[in-house]
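Here's the letter readout for the chains.
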Amino acid sequence: MAESFKLYKLIILYMLNKVDFPLTNSQISEFILDQGYTTYFKLQQALSELLSSGFIREEATHSRTFYHLTEDGESTIQYFENDISPAIQSDIDTFLQKKHYELKNEVAVKADYYQLSTGEYSVRCQVFEKGLPLIDLTITAPTEAEAETISNNWAKKNQEVYAMVMAHLL
């Protein structure tokens, strides 16, 4: 049991080490659960332990949680990488190669909101490219429901909004 739990943590570290962007909880879950390596609850426990030990850090929004590899996590996976079988490494590499564009695009678009002292909500909508913001737009919404709607629609319409802004500004 302890050896298999160590493997789940190493798989997570290996995945984060192989990409140059954060992965979401759902992206990590998709690979590990679809491959049948463990259950959802054991995966969440592995993520929690990696967080508390400082091997990964999380960035949470209202709708998603992003995981980043820390320097300690990078050192750990480099040291223990050989504890992951070549077959599992190959499965991970294939998954990341096949879904690279989709995974990267999913985490490149971020939207979150918070309540202002006035009672209104501030919605921050961003698109990142190579780790830098391509667009960073903050909008005030009168209600939480509208803030949530803006946040959710940003994922679907960010390209249209960006193109419109650029067309008007250039």
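Residues numbered from 1 in each chain as written. Predicted model: local features only at pLDDT ≥ 70, side-chain atom pairs only at ≥ 80, totals over all residues. Heavy atoms only, no water.

Trainee: It is not clear to me how the pattern of salt bridges should be interpreted in this structure. Could you clarify?
Mentor: Pairing is possible between side chains of opposite charge, provided their charged atoms come close. According to the stated counting rule, one finds 6 salt bridges in the structure shown. One salt bridge in this structure joins Lys99 and Glu30, with 2.5 Å as the shortest N-O distance. Note that Lys99 is positioned in helix H5 (residues 86-108) and Glu30 in helix H2 (residues 25-34), a separation of 69 residues in sequence. When its relative accessible area of 14% is taken as the criterion, Lys99 is described as buried. By relative accessible area, which is 27% here, Glu30 ends up partly exposed. Here Arg124 and Asp136 are joined by a salt bridge, their closest N and O atoms 2.5 Å apart. Taken together, the residues span a long stretch of sequence, with Arg124 in strand E5 (residues 121-129) and Asp136 in strand E6 (residues 132-141) at a distance of 12 residues. A residue is classified by how much of its surface remains accessible, and Arg124, at 40% relative accessible area, is partly exposed. (Salt bridge = Lys/Arg side-chain N within 4 Å of Asp/Glu carboxyl O. Helix = DSSP H or I, 4+ residues; strand = E, 2+ residues; numbered from the N terminus. Buried < 20%, exposed > 50% of the residue type's maximum accessible area, 1.4 Å probe, protein only.)

Trainee: Could you clarify how one ought to interpret the nonpolar core in this entry?
Mentor: Note on soluble globular proteins: their nonpolar side chains tend to be buried together. Within the largest apolar cluster, 31 residues are counted, with the highest numbers of intra-cluster contacts made by Ile11, Ile12, Met15, Ile28, Phe31, Ile32 and Ile92. At the level of secondary structure, the elements contributing two or more residues to this core comprise helix H1 (2-18), H2, helix H3 (40-52), strand E3 (65-69) and H5. Top element by residues in this core is H1. It accounts for 9 residues. Ignoring any residue separated from it by four or fewer positions in sequence, one finds Ile32 in contact with Ile11, Ile12, Tyr37, Thr38 and Leu43. (Core = buried A, V, L, I, M, F, W, Y, C linked by side-chain atoms within 4.5 Å. Contact = heavy atoms within 4.5 Å.)

Trainee: Please explain the environment of Trp154 as it appears in this structure.
Mentor: Mapped onto the secondary structure, Trp154 falls in helix H6 (residues 144-169). Between the C-alpha atoms of Trp154 and Arg124, which are 30 residues apart in sequence, the distance is 9.7 Å. For Trp154, the residues in contact, after removing those within four places along its chain, are Val109, Lys110, Ala111, Cys125, Gln126, Val127, Ile135, Leu137 and Val161.

Trainee: I would appreciate a short explanation of the packing of aromatic side chains in the present structure.
Mentor: Within a pair of aromatic rings, the relevant descriptors are the distance that separates the centres and the angle that separates the planes. By the definition in use, this model includes 6 aromatic pairs. Between Phe31 and Tyr37 the ring centres are 5.8 Å apart and the planes differ by 45°, which places this aromatic pair in the tilted class. One aromatic cluster is present, formed by Phe31, Tyr37 and Phe95 through successive ring pairs. Positioned above the aromatic ring of Phe128, the side-chain terminus of Lys110 is 4.9 Å from the ring centre. (Phe/Tyr/Trp six-rings, centres within 6.5 Å; stacked < 30°, edge-to-face > 60°. Lys NZ or Arg CZ within 6 Å of the ring centre and 35° of its normal.)

Trainee: When you look at the sheet that holds strand E4 (residues 109-115) in this model, what are you seeing that I'm missing?
Mentor: Strands in a sheet are paired, the pairing made by backbone hydrogen bonds, and the direction either parallel or antiparallel. With respect to topology, 3 strands assemble into an open sheet ordered E4-E5-E6, the strand pairing being antiparallel. Every other strand in the sheet has two partners, leaving E4 and E6 as the edge strands with one partner each. Across this sheet, the average inter-strand angle for adjacent strands is 15°, counted without regard to direction. In this structure, E5 lies alongside E6, joined through 9 bridges in antiparallel fashion. Note that in E6 the partner of Phe128 across the bridge is Pro133. (Pairing = 2+ DSSP bridges. Axes fitted to C-alpha atoms, helices over the stretch in contact; angles between N-to-C directions.)

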